[in-house]
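Architecture and fold: a report
Residues per chain are reported as follows:
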Amino acid sequence: MSALFPALAAAPAGPPGPAASAGQVPSADPVASAGPVASAGGGRAALWCGADALTYDELAAAAGALVPRLRDAGRVAVWATPTARTAVAVVAALLAGVPAVPVNPRTGARELAHIVGDSAPGLVLAGAEDDLPPGLADLDRIDVDVRARGPLAVEPESAESAALIVYTSGTTGPPKGVVLSRRAIAASLDALEEAWAWTADDVLVHALPLFHVHGLILGVLGPLRRGGSVRHLGTFSVRGVAEALGEGGGTMLFGVPTMYHRLADALDEDPALVRALRGARLLVSGSAALPVRDHERIAAATGRQVVERYGMTETLMLTSVRVGAGPRPGSVGPPLRGMELRLVEEDGTEIGKDDGETVGEIQVRGPNLFTEYLNRPDATAAAFDGDWFRTGDMAVRDPDGSVRIVGRKATDLIKSGGYKIGAGEIENALLDHPAVREAAVTGEPDPDLGERIVAWVVPADTERPPAAEELAGHVAALLASHKRPRVVRFLPALPRNDMGKVLKKALPGSDRG
Ligand code: MCA
Ligand code: AMP
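Analysis parameters
- Residues numbered from 1 in each chain as written.
- Chains lettered and ligands numbered in written order.
- Predicted model: local features only at pLDDT ≥ 70, side-chain atom pairs only at ≥ 80, totals over all residues.
- Heavy atoms only, no water.
- Helix = DSSP H or I, 4+ residues; strand = E, 2+ residues; numbered from the N terminus.
- Rg over C-alpha atoms; globule rule 2.2 N^0.38 Å.
- Buried < 20%, exposed > 50% of the residue type's maximum accessible area, 1.4 Å probe, protein only.
- Areas by Shrake-Rupley, 256 points an atom, 1.4 Å probe, with all protein chains shown as cover.
- Lys, Arg positive; Asp, Glu negative; His and termini not counted.
- Charge placed at Lys NZ, Arg CZ, Asp CG, Glu CD.
- Pairing = 2+ DSSP bridges.
- Axes fitted to C-alpha atoms, helices over the stretch in contact; angles between N-to-C directions.
- Contact = heavy atoms within 4.5 Å.
- Near = heavy atom within 4 Å.
- Polar contact = N/O pair within 3.5 Å; in protein donor to acceptor, adjacent residues only side chain to side chain.
- Nonpolar A, V, L, I, M, F, W, Y, C, P; charged D, E, K, R; others polar.
- Expected span 1.5 Å × (residues − 1).
- Bend = angle between axes of the 7 residues up to and from the residue.
- Arc of directions from axis to C-beta.
- Core = buried A, V, L, I, M, F, W, Y, C linked by side-chain atoms within 4.5 Å.
- Phe/Tyr/Trp six-rings, centres within 6.5 Å; stacked < 30°, edge-to-face > 60°.
- Lys NZ or Arg CZ within 6 Å of the ring centre and 35° of its normal.

Attention now moves to the overall build of the chain. Broken down by element type, the chain carries 14 helices and 25 strands. A compact globule built from 513 residues would reach a C-alpha radius of gyration of about 24 Å, and the chain, at 23 Å, matches this within 12%. For the chain, the C-alpha atoms occupy an extent of roughly 70 × 55 × 50 Å along the three principal directions. When burial is assessed residue by residue, the chain has 58% of its 513 residues classed as buried. For the chain, the computed accessible surface area is about 19500 Å², with 52% contributed by carbon and sulfur atoms. Taking the average place of the 51 positive charges on the side chains of the chain and the average place of its 63 negative ones, the gap between the two points comes to 1 Å.

Time to look at the sheet that holds strand β13 (residues 306–312). Spatially, β2-β1-β10-β9-β11-β12-β13-β14 is the arrangement adopted by the 8 strands of the open sheet, whose pairing is mixed. On the outer flanks of this sheet lie β2 (52–55) and β14 (316–320), each paired with one strand and no other. Direction aside, the axes of adjacent strands within the sheet are offset by 20 degrees on average. By the bridge criterion, 3 bridges tie strand β12 (residues 282–285) to β13 in an arrangement that is parallel. For S285, the partnering residue across the bridge sits in β13 and is E308. Of the strands in this sheet, β11 (252–255), β12 and β13 are in contact with helix α9 (residues 257–266), which crosses β11 at around 115 degrees.

Moving on, we come to the site of ligand 1. Near ligand 1 lie 28 residues; those nearest to it are R106, S287, R309, G417 and R486. Within the side chain of R106, one N or O atom sits 2.6 Å away from an oxygen atom of ligand 1. H214 is positioned such that a nitrogen or oxygen atom in its backbone is 3.0 Å from an oxygen atom of ligand 1. For ligand 1, the accessible surface in isolation is 1100 Å², of which the surrounding protein chains cover 73%. Broken down by secondary-structure element, the contributors of at least two residues to the shell around ligand 1 are α7 (213–226), α9, β13 and α14 (468–478). Of the residues forming the shell around ligand 1, the biggest block, 4 residues, is contributed by α14. Partitioning the shell around ligand 1 into residue classes produces 11 nonpolar, 10 polar and 7 charged.

Counted at 1.5 Å a residue, the expected span for helix α3 (residues 56–70) with its 15 residues is 21 Å, and the 20 Å between its end C-alpha atoms agrees. At G64, α3 shows its maximal bend, which comes to roughly 25 degrees, and the proline P68 appears one to four places after that position. A large share of α3 lies buried, amounting to 11 of its 15 residues. Here α3 has its buried residues at Y56, D57, L59, A60, A61, A62, A63, G64, L66, V67 and L70.

Turning to the site of ligand 2, a few remarks are in order. Not every one of the 15 residues close to ligand 2 is listed here, only the nearest: R309, T313, D393, K415 and K420. At 2.9 Å from an oxygen atom of ligand 2 is found a side-chain nitrogen or oxygen belonging to K415. Surface burial for ligand 2 is 91%, taken as the share of its 500 Å² of free accessible area covered by protein chains. With 5 residues, β13 is the single largest residue contributor to the shell around ligand 2.

With that settled, the discussion passes to helix α10 (residues 271–279). Among the residues of α10, those classed as buried are L273, V274, A276 and L277. Along the long axis of α10, the arc covered by the buried residues comes to 165 degrees, so they all point the same way. Those residues of α10 that are exposed and aimed more than 90 degrees away from the buried face are P271, R275 and G279. In the core, the buried residues of α10 are packed alongside α8 (238–245), β11, α9, β12 and α11 (292–302).

Formed by 94 residues in total, the largest nonpolar core has its most connected members in L70, L125, W196, I217 and L221. Element by element, the count of residues in this core is highest for helix α4 (residues 84–96), at 11 residues. Ignoring sequence-local partners within four residues, the contact set of L125 consists of L66, L70, V76, A77, V78, W79, A89, I142 and V144. Of all hydrophobic cores here, the second largest spans 23 residues; its members include V238, A266, L290 and V306.

Glancing now at the packing of aromatic side chains. Going through the model one piece at a time under the given rule, you end up with 8 aromatic pairs. Summarising the aromatic geometry, the rings of W196 and F254 are spaced 5.5 Å apart at their centres and angled 65 degrees between planes, so their arrangement reads as edge-to-face. With W196 in helix α6 (residues 182–196) and F254 in strand β11, the pair connects residues that are 58 residues apart, well separated along the chain. Pairing F370 with F389 gives two aromatic rings, centres 5.4 Å apart and planes at 80 degrees, and the pair type is edge-to-face. Taken together, the residues F370 in the loop between β16 (360–365) and β17 (372–373) and F389 in strand β19 (residues 388–397) connect sequence positions 19 residues apart. Across the pair, exposure class does not vary: F370 and F389 are buried alike. Put simply, the rings of F370, Y373, F384 and F389 touch in pairs and so form one group of aromatic residues. The ring of Y373 has K176 sitting right over it, with the charged end atom 4.9 Å from the ring centre. In this structure, R231 is placed above the aromatic ring of W48, and the distance from its NZ or CZ to the ring centre is 3.9 Å.

Below, the structure is given as structure tokens:
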């Protein structure tokens, strides 16, 4: 059946439900078929989230009930709550051969209008109790029932067809829809299998949002492709991680650095957490740099090394420290199988030496790359130098081929809590508030979030500036809650050059360009 999920193919028709039977359409696609067929029996646990636990049989049947209803939808939006429903909805869309657009349930009105307008979904998949906002509420809707049972007959797959469209921020303008093919997803997940010795016996634990690559593709599709299990915690908590890795039997943990920082903070007082992390086979951090201090605190308390991997929405995973490679704080490891990576100077010339010192922009090519930005041929063309994708990340390469990321080309991109956020979109949202005359947004180092969003605001009425919480709520309502400024600083005027461009470097205490 599905080449993306061989373990679902191995699941026999489950006993529960009225009409479960596994229809079988072999894939003609060698790339998406790559990787061993997991020998998971259908009664094995596939995913567990809150009160919902599904075996492979049950997942196949729940998706099977949806697949026939999705076939003519064009694209489907998925209201991507951190629930088993989201996993069932996305798996069903993939099996139906219909691109899925995962939507952050905390997306504000303006961002949602953009995503819906840009991706033009034919219907929305949500939970029966979800209250959808305008824009999505107007679409045809299917309520996902994880207990539904239907025969699973899947569409033949084409490796290059769009599987997911994931929205990601740039320096300016609204987020862009990154079109990800089945080929890219399969290649990236199979390269991680090799790097991490990831098997059907692994039980992955995480609490990542399900509308981004990290939580959805790595965190849900990854275990399902391996025939293993995923336990999603719903929301992140130190206690939840300790329980799921401890008595819950989890073998792997995925998280962003903010989560590892919070775990590291708790270790001194929490022997159960120490035991849980010590017992895990693999702790993986990604989406932003994990500070060396947090690496060291976790290693000292638990004896475990956190493994860092590096990727982007557009490229999926690019590099990773290999399992068992020993301590590598500050390194994201060598390129994954199939990926080529080079460092280039400002003028585009390739840096020939891996001396661990010469800094260049990372450019990459290989099977993990995205297809295009939806409806944005201009942005797609600008993102490439020939067939090399420009990541915008600055790095050095050690003589052993390992990469160390040292910064980012664009100072107007902020990574906060592992989320990529463009300064421009927040500035535009702030300028729409009647009490704001001018606005500039920067990222400042933050021990918990990596960077925190700072808004520099010239109030319309300098005598009566708006409350910081009012401006944060305004941005959250228009864009998304994680894009709200954590700090608001009021100024009589923004520093500008002769052309009128804001000089972010000249903002008090800011090192931004
Ligand atoms: C507080 N809240 C507000 C406001 N104040 N909401 C609106 N307006 C306000 N003024 C609410 C929030 O909605 C939230 O509600 C709660 O307060 C706390 O919010 P926040 O501070 O954002 O949460 P946090 O505890 O700081 O979150 C930390 C986190 C989170 C759990 C680490 O940042 C996170 O999940 N990050 C993961 C990002 C990620 O997956 N990135 C992957 C993309 P409530 O508590 O109810 O929610 S990168 C990627 O995919 C690439 C490929 C890669 O390499 O991985
Ligand atoms: P996104 O567009 O949200 O997928 O974020 C991708 C960006 O996250 C990359 O371009 C990097 O800047 C950053 N990133 C991801 N993983 C790491 C890592 N392990 N270390 C440093 N930065 C990372």
